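# Structural overview
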Amino acid sequence: MTINVADIHARGTLPFPTSLPQFQRLFPDDAACAAYLEKSRWEHGFSCPWCGVAGEPYRFSARPGVLRCRACKRDVGLTVGTVMERSHTPLSTWFWGAYLVSSLTPGMSAVQFQRQLGLPGYETAFGILHKLRAGMVRPDRDRIGGKPKDHVEIDETWVGGATRGEGRGATHNKTLVVAAIEVRQRAPRGEGAAVPRRGGRYAGRLRMDVMPNRTAKALCGFVESAVEPGTMVVTDDWASYGELAKRGYDHLPVTERGDPATIEEYLPIVHLVFSNLKSWLRGVHHGVSPKHLQAYLNEFTFRFNRRFYPFNAFRSLLGIGGDTTAPTYAGLYSGEWEHPTTASCHG
C-alpha cells in the first residue's frame, strides 16, 4: 500500500526507508518528497520564517515545493538552504539520487547515475552528484579522538595515475592526501574465542583532506582541525609532525622505513583506509581530477563513517544537506567552487 502525504505528517519521527520497495512506497511523487522536507524542517508544524505565525499553510498541487503563509501571504520554498535550492530537477529525482548515492555501498559514477535516473545529460548528473557531496559535510562537525582508551593514526599518501618517463616513484601529477582515523578497541571475547585481527583494533571515525604540501603548517594545521587536543596521535617520523607535542597532543612518532611489520603494528588502519580509497577511486570512478578530489574524499569519508548503518545515510544526507551552500554548474567547471574541507569546518 502506498504511504500518502498525511501518513508522513502524522509520524512523530521522520520515516525511514530500509529497502527499495519501501522507498518507492514512501516517496511515490513530488508531493510525498515535499512532505518529508517540511517535516524535517518543522517537526511540530509549519511556522512562517517571515512573520513567525504558526499554522497550516496554503499548499499548491502544481508547486509541491512551495508553501504560502496564510497570515502574511508570503511564499516559503522547502528547498531553500538545501543542496536542492534553485534546482529545476523534480524533488522525486533528487530523493532517488540521494537514496542511490547513500545506500549503495560503493556509490556510483556520474555516467551510472545519469542512466539510473534517466537524466537528460551527463552535466546534470555531474552537478547533482556534486551538490549531494557538498551536503555530506556538516559545517560544524566535531573533531575525532578525545577518548582515553582510543588513539588516532595519521599518515599521508599520493593519489593519482602512474607517470611515465619521470623516474620510479615520481610524484609528478599526483595529489597529496592526509588522513586521520580513530582506532578503537573491541571488548575481549570469552575464553576459547578466536584471537581477533590486529589485537581487536578497528576503525572509528575518519577525516581526509587534500594537502598542498608536507610542511608543518599544512600537516599540523590539519591535525588541529581534525583531532581533539590531548588525544594520542600516532604518525611516522616525518619532521613536520614534530610540533604536535607542543600543540597539545600526545605524539608517538614511529620509524617505518618501509618495514611492513612496523606498519602493521603501529599504522595498520590508516594504510588499510588508503588502500580502500584508491581501489574505490579506480573501480567506481576510474580516476578523478585533482580539482575535484576533495569532493570524492568527502564522499568516501561520509560512506566510511556510516558503514555500520548504510540506510541511515539517506536520512543523514538530507538532514546534513539543510542550511548548506551547494556549488553551481559554472562554479564546478570554472574552479571557483571550493569543496568543503576539515579546516573549513573549523574556521
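Before any of the text, the structure's been laid out above.
Residues numbered from 1 in each chain as written. Predicted model: local features only at pLDDT ≥ 70, side-chain atom pairs only at ≥ 80, totals over all residues. Heavy atoms only, no water.

## Concerning the overall build of the protein chain
Along the backbone of the protein chain there are twelve helices and eight strands. A total of 347 residues make up the protein chain; the buried ones form 46% of that total. Contacts in the protein chain between residues at least 24 apart in sequence constitute 63% of all its contacts with a sequence separation of at least 6. As presented, the protein chain carries roughly 17,900 Å² of accessible surface, and 52% of it is formed by carbon and sulfur atoms. (Helix = DSSP H or I, 4+ residues; strand = E, 2+ residues; numbered from the N terminus. Buried < 20%, exposed > 50% of the residue type's maximum accessible area, 1.4 Å probe, protein only. Contact = heavy atoms within 4.5 Å. Areas by Shrake-Rupley, 256 points an atom, 1.4 Å probe, with all protein chains shown as cover.)

## So, helix α10 (residues 293–305)
Relative to the 18 Å expected for 13 residues at 1.5 Å per residue, α10 spans 18 Å between its end C-alpha atoms, a close match to the ideal helical length. With twelve of 13 residues buried, α10 is to be regarded as a mostly interior element. Of all the residues in α10, the buried ones are Leu293, Gln294, Ala295, Tyr296, Leu297, Asn298, Glu299, Phe300, Thr301, Phe302, Arg303 and Phe304. (Expected span 1.5 Å × (residues − 1).)

## What to know about the sheet that holds strand β2 (residues 66–68)
Spatially, the three strands line up as an open sheet ordered β1-β2-β3, and their pairing is antiparallel. The open sheet has two edge strands with one neighbour each: β1 (58–59) and β3 (75–77). Across two bridges, the pairing between β1 and β2 is antiparallel. Pairing of Arg59 across the sheet is with Leu67, part of β2. (Pairing = 2+ DSSP bridges.)

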